[in-house]
Amino acid sequence: MALNITNHGGGKSIAQTPTLTLTAYNAGDCMGGMMTFNNATRQAGGLNKINSVRIIDNHNIKAQLEIWLFDAAVTFQANHAAMSFSAADMQHWIGVLPVASADYTTLGAVAGANPKNLGLEYTLPGMAIYGQLKCVATPTYTAVDDLTIKIDVEFLDNDVLQV
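Now for a description of the structure that goes with this document. Chains are numbered independently. Their residues run from 1 in the order of the written sequence. With the structure being a predicted model, the display of local features is reserved for residues of pLDDT at least 70 and the display and counting of side-chain atom pairs for 80 or more, all residues being used for whole-chain, interface and lining totals. In computing side-chain properties, one takes all heavy atoms of the structure into account and sets aside hydrogens as well as water.

## Some details on the overall build of the protein chain
Within the protein chain, the regular secondary structure consists of one helix and 12 strands. The numbering of helices and of strands both runs from the N terminus, where a helix is a DSSP run of H or I of at least 4 residues and a strand a run of E of at least 2. Along the protein chain, helices (α) and strands (β) appear in the sequence β-β-β-β-β-α-β-β-β-β-β-β-β when read from the amino end. Over its C-alpha atoms, taken along the principal directions, the protein chain stretches across nearly 65 × 40 × 20 Å. The buried share of the protein chain, reckoned over its 163 residues, is 40%. When contacts within the protein chain are restricted to residue pairs at least 6 apart in sequence, those whose partners lie at least 24 apart make up 86%. Residue-level accessible areas treat just the shown protein chains as cover; the underlying method is Shrake-Rupley with a 1.4 Å probe. Working note: accessible area of the protein chain is about 7,800 Å², and carbon and sulfur atoms make up 52% of it. Burial classes follow relative accessibility: with a 1.4 Å probe on protein chains only, a residue under 20% of its type's maximum area counts as buried, one over 50% as exposed, and anything between as partly exposed. Contacts were defined at the residue level, with two residues in contact if any of their heavy atoms lie within 4.5 Å.

## Details of the pairing of strand β10 (residues 129–135)
Moving residue by residue along a regular strand, the side chains alternate between the two faces of the sheet. Of all seven residues in β10, six are buried; the element is thus mostly enclosed. For two strands to be treated as a pair, DSSP must find at least two bridges joining them. As paired strands, strand β3 (residues 30–37) and β10 are joined by five bridges and run antiparallel to one another. Note on β10: the bridge partner recorded for M31 is L133. Of the strand pairs in this sheet, strand β5 (residues 65–70) and β10 are connected by six bridges, and their pairing is antiparallel. Pairing of F70 across the sheet is with Y130, part of β10.

This is the structure:
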């Protein structure tokens, strides 16, 4: 019996726009509710990697953020609440994607951040990644849809065919 291993590779970019409020956030606050990044794997149980994240900031606020990611829909905190997770929730934690103020570049009235080489590998029991933004600074946004979060996912899993 021989094994034929095919690496399909590939990947995709998955976007979410959290609903923000127009009052100042405190450092440590949750920003928006749960974000669901659907189809973040080619198959349940497959190996994947987030190499980069892109933040589109429609009003050039350039706030330092963290994107907390989980492999299940854990108990996420409400918008403006202090971020915290239970020990049971943390069993589903994939990792944190940090976005520093220095990661942003301004073009006109908008800004974008693109931290690269993150190398966050994960497997999922299903097909989605769940996440929430944590504010590290104290920004005030001017529109509820000021931020768009895009995670760039690479599919690393192999198909194995026994012949």
